[in-house]
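# Tertiary structure, described
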2 protein chains.
Amino acid sequence: MIEWKNFDELESYNKLMGLKGKVKLSKVMEGEAGAKRVAEYSVPMSNGLAYNYASKQVDDEVLNALSDLAKEAQLVDKFAALYNGEVINTGEKRLVLHQLTRGQLGDKVTADNVDKREFYVAQQERIAEFANKVHSGEITNAAGEKFTTVVQIGIGGSDLGPRAMYLALENWAKKTGTFKMEAKFISNVDPDDAASVLNSVDVAHSIFILVSKSGTTLETLTNESFVKDALKNAGLDASKHMIAVTSETSPLAKSDDYLAAFYMDDYIGGRFSSTSAVGGAVLSLAFGPEVFASFLNGAAAEDKNATNADIKKNPALLDALIGVYERNVMGYQATAVLPYSQALSRFPAHLQQLDMESNGKSVNRYGAPVSYVTGPVIFGEPGTNGQHSFYQLLHQGTDITPLQFVGFKKSQIETDVTIQGSTSQQKLCANVVAQIMAFACGKDNEDKNKFFAGERPSSIITGEQLTPESLGALLAHFENKVMFQGFVWNINSFDQEGVQLGKVLAQKVLAGDTDGALKAYSDLLGI
Amino acid sequence: MIEWKNFDELESYNKLMGLKGKVKLSKVMEGEAGAKRVAEYSVPMSNGLAYNYASKQVDDEVLNALSDLAKEAQLVDKFAALYNGEVINTGEKRLVLHQLTRGQLGDKVTADNVDKREFYVAQQERIAEFANKVHSGEITNAAGEKFTTVVQIGIGGSDLGPRAMYLALENWAKKTGTFKMEAKFISNVDPDDAASVLNSVDVAHSIFILVSKSGTTLETLTNESFVKDALKNAGLDASKHMIAVTSETSPLAKSDDYLAAFYMDDYIGGRFSSTSAVGGAVLSLAFGPEVFASFLNGAAAEDKNATNADIKKNPALLDALIGVYERNVMGYQATAVLPYSQALSRFPAHLQQLDMESNGKSVNRYGAPVSYVTGPVIFGEPGTNGQHSFYQLLHQGTDITPLQFVGFKKSQIETDVTIQGSTSQQKLCANVVAQIMAFACGKDNEDKNKFFAGERPSSIITGEQLTPESLGALLAHFENKVMFQGFVWNINSFDQEGVQLGKVLAQKVLAGDTDGALKAYSDLLGI
């Protein structure tokens, strides 16, 4: 029997609060004991990845308390309830089924009178068939010429995740010969976004994907008009250049305005939709359906790991619990995501949405205010670039920010140069390793300007290479981490009521229905 | 006589601390009083910009206390000392002269036996002459063909600022017919960065700018080798395709490896170098020297505003002081930068470096630890994209994050569509206005899941259009804001000792000089 209790109603809450500041990193990471810790504080993941938490401020006692918390809060049981089809999204009274897009973890889940796993697989197959026809030239533009570019029109989860995944695999696909078409993205309602993307593509050879679950997202419909205008101005029939990804009940479904429509549903939130048709259409067109299938397999393998009740065998769960310790016990407010991989340049922006939109809540799943802090601020840029930018504050600033590193042994393109006795890839890896130790242990110096206090906790996910499989695993890891943290905080990680008020007020401004400060601000911007 | 005192040694410190939480935004922003506040809490800037702080948690009493702080801490006097050539960068014992690249604010500054204003102007003129020759076809590749692409090789300040400025003006330049050449950037030591940029350009028609003040930045020299290999593999003479931006004393100066070298010096920190040759070469090649000159004029006008002792006539100073109030009195840890302009997509990343690398310090300018918090975490993405991503946490999260909006009346490309009675630009502006009010005033709701507490402070910088002049003004505003905050905190905003330890340890790893945890981590990544 699952009980949904607030975090501070649990026994393990008080126990954990008593363990604040217990571990001194510069002490535990010293000498051979430190080496042993690096070897032992590691959880194998799928697809060659591993989660290493040696430089986190935990020890056996803290880990035991976190394990007790996982049990008392029934975290893996709650995950099981989720994938077995319970109504976990209490606010919107919906199931939460994004894991089903990549595998069947538990019972068959029936909703809307269909087996949802079969439904998602069917959409993936329809997309694969469509993409193969585009690649083979069976589906072409009106002149019978092949499409060369795919442009996704979507915002938020219909943009950040798919864009981050595309950028993560673009060079890999080019290197491995699986690259099919260039992808571009239009998201912002700023007219310069659509105009500049449209100026940069050959519209006659472009296929556009309109992505909106409801079919009513204002930014997306506005940008669709932009695209339709551009196609019309080029003397082209827009309906021969556009497909839709939407829900079956949306106005976009079964419309003659689109070459085809592929379906998602209300059980998949935008920020969790990269493995659904939202990511599937653009990634299958860009790289082929096999690459997308490999990406899903990577995610499925990591979902499986997330079902393990042992926190030392469940990397997402452990990562989540350590994050809770840092947030609620240590009191840290932000977390930096720092991938040492240029291909992951927009992965932090995706995680920023995933985490902050899911867990930036002040009420529990029943709508009652909670009296502890929930989701942190998430930010990040790839290393080594970040080292020459904001790392100064991370090393010597007055607040401590926990860090989440990611690093791979091999580059994707595998073109490299040797300078001063090492390759670029070796330099990249040497830097991330060096940073972890610098953050953990610091360095004394009589000149306090050159003094490093250390005690800055970090974890690292290591891997062989960023491939479709390891990318899928990485994505699922963070999705599951965010989910587990939401369970600990007893919040609903699957709605986003916080975006509504701004929408309502923007409509008022556009309708001229303003007074007071809202009118005064509108005047400032000439609307 | 200037005195450098710690913030908490000032009388105004205690007075400010007593003013915590004095202003309730939902109250002061209500009704016609709110409208009046929007009209009055505004400081005109140059080039059509204005800084509006109506939705900040300040009132006349707080503003008076901030004004007293400005006087007691001698903030504009310290700025005057800086631009008159005093050694403000105490750690490295250097002058701080980036403002001189765009104008002479005070006395002549002589260093290294030259008038530094003349020196910077001379570099700008040499760059202009070079760029004009490239554009006219007087300087070409070996085959006598025009260069079509410029690629900047640099990291940190040699990358983020110039890249953000290029993206900010690319569409404007295309629209106004001033666009000359596409620019690309190679920064990361990840070999996939250089390899993928090189795969995307026609090296035979590309001119490369190597940017490194010291001429020894490992990432940049490594990437130069990448480029030289690519040129060699294409049968080209690298020295006919490369220029350098460096200091006169660096190994890159006066080398036959480069077509030309343009100079910066130790008095301009990387993160403040966009208006020096570091930004000048790439922006002059991309858009022409006149556009770069306009950009400098915009910055110069805003520098002039920053000399005003009246906080209500000095937008950068007021912005800085309100930020200090938020950081030290209200206790907020992060600040989000939210430009409603897709062209400013990388402006937040630049400000992240500018702010966090300058003010992420724990010791004062004499190396003594400070007992108050200094620079905040900075992050941000363009609106409206952010609204569909992390705004959930900003609206309903458990911590408050102050917000810095930017918005323009007109788009840059001025191609637009009307949907549901409004243009995209109107929708964009309506959204930023709506967000400010939603954050400030919130909204009650019996369903606490839909409840907005409000009291989230924000400011907005508004403008007519993002042009070279207004971009320059915007950049200088934030540079000066960061400088003033550093003065309040009595820290040295112009060094970055926090980046050194990681570099030293990375060299150890590459040399195989490791043991303990450092060796164990190195093993994880196969180095």
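See above for the structure.
Below you will find a few notes about this structure. What you are looking at is a predicted structure, and each value in this text was computed from that prediction instead of being measured. (Residues numbered from 1 in each chain as written. Chains lettered and ligands numbered in written order. Predicted model: local features only at pLDDT ≥ 70, side-chain atom pairs only at ≥ 80, totals over all residues.)

To continue, consider the overall build of chain A. In terms of regular secondary structure, chain A is built from 18 helices and 15 strands. Against the 2.2 N^0.38 benchmark of 24 Å for 527 residues, chain A shows a C-alpha radius of gyration of 24 Å, consistent with a compact globule. Taken over the C-alpha atoms alone, chain A extends approximately 70 × 60 × 55 Å along its principal axes. Residues counted as buried form 63% of the 527 residues belonging to chain A. Within chain A, counting contacts between residues at least 6 apart in sequence, those at least 24 apart form 74% of the total. (Helix = DSSP H or I, 4+ residues; strand = E, 2+ residues; numbered from the N terminus. Rg over C-alpha atoms; globule rule 2.2 N^0.38 Å. Buried ≥ 20, exposed ≤ 12 C-beta atoms within 10 Å, placed from the backbone. Contact = placed C-beta atoms within 7 Å.)

Let us look at the sheet that holds strand 10 (residues 334-340) of chain B. Residue and element names in this part refer to chain B. Spatial strand order, 1-2-15-12-10-11: six strands in an open sheet with mixed pairing. Each end of this open sheet is capped by a strand with a single partner; those strands are strand 1 (42-44) and strand 11 (377-379). Between one strand and the next, the sheet's axes are offset by a mean angle of 15°, whatever the strand orientation. Here three bridges tie strand 2 (residues 50-52) to strand 15 (residues 458-463), and the two strands are oriented antiparallel to one another. Bridge pairing links Tyr51 to Ile461 in strand 15. Where helix 12 (residues 315-329) meets the sheet, its contacts fall on strand 1, strand 2, strand 10 and strand 15, and the angle it forms with strand 2 comes to roughly 25°. (Pairing = 2+ DSSP bridges. Axes fitted to C-alpha atoms, helices over the stretch in contact; angles between N-to-C directions.)

With that out of the way, let us pick up the sheet that holds strand 7 (residues 206-211) of chain B. All names here are of chain B. Reading across from one edge, 6-5-7-8-9 is the order of the five strands in this open sheet, with parallel pairing throughout. The strands lining the two open edges of the sheet, one partner per strand, are strand 6 (182-186) and strand 9 (260-264). Going from strand to strand, the sheet's axes swing by 20° on average, the running direction of each strand aside. With five bridges joining them, strand 5 (residues 149-153) and strand 7 adopt parallel strand pairing.

Attention shifts here to the packing of helix 6 (residues 116-136) of chain B against helix 10 (residues 277-287) of chain B. Residue and element names in this part refer to chain B. As a packed pair, helix 6 and helix 10 sit with axes 9 Å apart at the nearest point and diverge in direction by 25°. By the criterion of interaxial angle, the relationship of helix 6 to helix 10 is roughly parallel. Crossing of helix 6 over helix 10 shows right-handed handedness. Residues Gln123, Gln124, Ile127, Ala128, Ala131 and Val134 of helix 6 lie in contact with helix 10, whose contacting residues are Ala277, Gly280, Ala281, Ser284 and Leu285. (Parallel < 35°, antiparallel > 145°, perpendicular 65-115°, else oblique. Left-handed = near helix turned anticlockwise from the far one by under 90°.)

Glancing now at the relation of the copies chain B and chain A. These two copies of the chain differ by a rotation about an axis and a displacement along the same axis. In the superposition of chain B on chain A (RMSD 0.0 Å, axial shift 0.0 Å), the rotation amounts to 180°. In the structure described here, the two chain copies are related by an operation that fits a two-fold rotation axis. Of the C-alpha atoms belonging to chain B, the one lying closest to the rotation axis is found on Phe379 of chain B, 3.2 Å away. A share of 100% of the interface residues of chain B reappears at the interface of chain A, consistent with the copies meeting face to face through the same patch. (Least-squares fit on C-alpha atoms with pLDDT ≥ 70 in both.)

Next up on the list: the interface of chain B and chain A. Each side of the interface is counted separately: chain B has 125 residues, and chain A has 125 residues. Examining the composition of the side of chain B that touches chain A, we find that 14 residues originate from one element, helix 15 (residues 424-441) of chain B, more than from any other. Of the residues belonging to the side of chain B that touches chain A, the class tally is 53 nonpolar, 51 polar and 21 charged. (Nonpolar A, V, L, I, M, F, W, Y, C, P; charged D, E, K, R; others polar.)

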